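Residue strings, one per chain:
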2 protein chains.
Amino acid sequence: MSISQECDKNKLPIGVFDSGVGGLTVVREIMRQIPNERIVYFGDTARVPYGSKSRETVTKYSRQILRFLKAQGVKAIVVACNTASAYALEQLEEETDLPMLGVVKPGAKTAVQATHNGKIGVIATEGTIGSEIYTRYIEQLNRGMEVLGKACPLFVPLVEEGLLEDPVTDEIAQRYLSSLKDSGIDTLILGCTHYPLIRSTVKRVMGEGVTLVNPAYETARELKELLDQKQLLCEKRPSLGTNQYQFYVSDGAEKFQHFANSIFKYGILSAKQINIEEY
Amino acid sequence: MSISQECDKNKLPIGVFDSGVGGLTVVREIMRQIPNERIVYFGDTARVPYGSKSRETVTKYSRQILRFLKAQGVKAIVVACNTASAYALEQLEEETDLPMLGVVKPGAKTAVQATHNGKIGVIATEGTIGSEIYTRYIEQLNRGMEVLGKACPLFVPLVEEGLLEDPVTDEIAQRYLSSLKDSGIDTLILGCTHYPLIRSTVKRVMGEGVTLVNPAYETARELKELLDQKQLLCEKRPSLGTNQYQFYVSDGAEKFQHFANSIFKYGILSAKQINIEEY
């Protein structure tokens, strides 16, 4: 391969996907840590949420998205959705040659490094908790850990309804988290990409003694490392006029754009709607 | 057509669909009012909810389901989902020869008959409220009515979380309903098939002076009338050994069956999972 071809491959975008808008918290972290990279994001807003659906269905959806992102010529894939990382990542890794990274492994690693008493809590969707994937990855890193999971199905609708600081969210958080609090964990993984948006509520309920882990930071860090290993890091910022960040959704492009612009500092130029069932 | 063929057509099942489990409240009413009829139900559990998705997407999904139900040889279709009735029914009626019925028109009719002061409230999903379809149908029936709509996006997740009688549901209901209460409506349409399950909470907040309208009753009544007009009513109970009620879903057949068995008196034999994207 010639030098110019090598160089071109590095300039290809990273594909990132989620069931909807939650994965944008991961995109934000990638933008911050590796600002030269181009990103193609896909949010499956026509079939959101994934958290209450089966392994089979989530894997089928993730496979379609993988095909779409490949068609956009990406050099690597980030599964920025905990449920898809839990259910589909291992299967999809077997089916593709592209480097792939989920959010669960980085989250598990950070939690193991953060805990002092070896008791780690995980809050996530029903699917992620039911899969016990955080427990499995944490035990691979350190057999001596105790892992306690709790599904919090109302957190996503509460966030999407905008009740980020609200007595109702406080009340629901107290119910969901009371058993975790009583168990004496010192570290809690925010195992769903929506949850960082109600971090302060979770912090208030759990108290200062519990470290909250947001897998997004470590995911972006490991992505940088992975690209570096594969010699795929982009050395230079894309030239002016290049559309560095591209956003695709399966439904409601305008609504998505509105939400995205509320969490990014700069404005998203546009989000395009595509028919994901064709992939 | 011979008498035996006529007779056979009457014995065909009615197709009923919803985005998920909510439409079972309509099925329950059809079973009660026309117990001779066979029913094929489809719940789109792999893509639920519809209420926050676009007209285009809800219409596409409904069209696929219509094709699936036609392939099961149904004689008529009931759209037992308010959002699909609001967004897709008129379009689909143009595309098929089968008699079709939604839940919105029957709900509007009942409300117009029930109100004394001409002030009608509607609670429903974002999609149904945004479409203003209840307002349109009510005005077609009586131009003098005042219609007030309110989207209640958290009601569906609260019902699905099982918080039917709960202080949190009370608090959310009070917020959603306070403006409707202050407006002086005397009739309130439960414009989403999940809402009859929190009827008592809504009743408590609205007070005794407000009549709650559940479109399911009138939908089943109009279905009976429609089948009668088209000479499609089934005169006799299906013979023993016939599977009178069949249930299909796009995901999580077991979970669906569990929910269905909690709202029907008799046990559902089975729910089958199919791939709706193929239709």
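Along every chain, residues carry numbers that run from 1 in the direction the sequence is written. Here chains are named by letter from A upward and ligands by number from 1 upward, in the order in which they appear as written. pLDDT decides what is reported in this predicted model: residues at 70 or higher carry local features, side-chain atom pairs at 80 or more are listed and counted, and totals for whole chains, interfaces and linings draw on all residues regardless. Side-chain calculation: all heavy atoms of the structure are included, whereas hydrogens and water are not.

Chemist: What should I look at first to understand helix 3 (residues 55-71) of chain B in this one?
Modeler: The helix and strand labels rest on DSSP assignments: H or I over at least four residues marks a helix, E over at least two residues marks a strand, and numbering proceeds from the N terminus. Multiplying one less than the number of residues by 1.5 Å gives the expected span of a helix. In this model helix 3 of chain B runs 24 Å from its N-terminal to its C-terminal C-alpha over 17 residues, within 8% of the 24 Å that 1.5 Å per residue would give. If you check which residues of helix 3 of chain B are buried, you get Thr57(B), Val58(B), Thr59(B), Tyr61(B), Ser62(B), Gln64(B), Ile65(B), Leu66(B), Phe68(B) and Leu69(B). Relative accessible area decides the class of each residue, using a 1.4 Å probe on protein chains only: under 20% of the type maximum gives buried, over 50% gives exposed, and in between gives partly exposed.

Chemist: Would you explain the relation of the copies chain A and chain B in this entry?
Modeler: After a rotation of 180 degrees and a shift along the axis of 0.0 Å, chain A superposes on chain B with an RMSD of 0.0 Å. One copy is carried onto the other by what is essentially a two-fold rotation axis. Ranked by how close their C-alpha atoms come to the rotation axis, the residues of chain A are headed by Arg47(A), at 2.4 Å. Throughout, a contact is declared for two residues whenever any of their heavy atoms are within 4.5 Å. Of the residues that chain A buries at the interface, 100% are likewise interface residues in chain B, meaning the two copies contact each other through the same surface. Residues reaching a pLDDT of at least 70 in both copies supply the C-alpha atoms on which the copies are superposed by least squares.

Chemist: Is there a simple way to explain the interface of chain A and chain B in this structure?
Modeler: Many analyses report the size of an interface as the accessible area lost when the parts associate. The interface is formed by 33 residues belonging to chain A together with 33 residues belonging to chain B. In total, chain A and chain B occlude about 2,300 Å² of area from one another, counting both sides; carbon and sulfur atoms represent 42% of this. Any Lys or Arg side-chain nitrogen located within 4 Å of an Asp or Glu carboxyl oxygen qualifies as a salt bridge. In this structure, the salt-bridge partner of Arg175(A) is Asp166(B), at a minimum N-O distance of 2.7 Å. Polar contact is the term for a pair of N or O atoms within 3.5 Å; when the atoms are in protein, one must be able to donate a hydrogen and the other to accept it, and sequence-neighboring residues count only if both atoms are side-chain atoms. Run the count over chain A and chain B and you get 24 residue pairs in polar contact (both at pLDDT 80 or more). Among the secondary structure elements, those contributing two or more residues to the side of chain A that touches chain B are helix 3 (55-71), helix 9 (155-160) and helix 10 (167-182) of chain A. Summed over both partners, the accessible area (1.4 Å probe) lost when two parts come together is defined as the buried area.

Chemist: Can you help me understand the pattern of salt bridges in this one?
Modeler: A side chain with one charge can pair with a side chain of the opposite charge if their charged atoms come near. Scanning all chains against the criterion turns up 28 salt bridges over all chains. A salt bridge links Lys109(A) to Glu222(A), with the shortest nitrogen-to-oxygen separation between them at 3.5 Å. Here the residue Lys109(A) occupies a position in helix 6 (residues 104-114), and Glu222(A) occupies one in helix 12 (residues 215-229), the gap between them amounting to 113 residues. Using a relative accessible area of 15% as the deciding quantity, one classes Glu222(A) as buried. The residue Lys75(B) makes a salt bridge to Glu37(B) at a minimum N-O spacing of 2.6 Å. With Lys75(B) in the loop between helix 3 and strand 3 (76-79) and Glu37(B) in the loop between helix 2 (24-33) and strand 2 (39-43), this pair connects stretches of sequence that are 38 residues apart. Residues joined in a network through salt bridges with shared partners are Lys109(A), Glu218(A), Arg221(A), Glu222(A) and Glu225(A).

Chemist: Looking at this structure, I do not really get the side chain of Thr115(A). What am I missing?
Modeler: Residue and element names in this part refer to chain A. Residue placement: Thr 115 occurs in the loop between helix 6 and strand 5 (119-124). Judged by relative accessible area, Thr 115 falls into the buried class, the value being 11%. Side chain to side chain, Thr 115 and Asp 186 meet in a polar contact 2.6 Å long. Discounting chain neighbours no more than four positions away, the residues touching Thr 115 are Ile 120, Met 145, Asp 186 and Thr 187.

Chemist: What's the story with the sheet that holds strand 6 (residues 146-151) of chain B in this structure? I'm lost.
Modeler: Two modes of strand pairing occur in sheets, parallel and antiparallel, and in both the strands are linked by backbone hydrogen bonds. Residue and element names in this part refer to chain B. The pairing criterion is simple: DSSP has to find at least two bridges between the two strands. Read across the sheet, four strands follow the order 6-5-7-8 without closing on themselves; strand pairing throughout is parallel. Since the sheet does not close on itself, it has two edges, and those belong to strand 6 and strand 8 (211-213), each with one partner. The sheet shows a mean angle of 25 degrees between the axes of neighbouring strands, direction not considered. Note: strand 7 (residues 187-190) against strand 8, three bridges, orientation parallel. If you follow Leu 188 over to strand 8, its bridge partner there is Leu 212. For every element, the axis is a line fit to its C-alpha atoms; helices are fit only across the contacting stretch, and the angle between N-to-C directions ranges from 0 to 180 degrees. Against the sheet, helix 10 (residues 167-182) engages strand 5 (119-124), strand 6 and strand 7, with an angle of about 170 degrees to strand 6.

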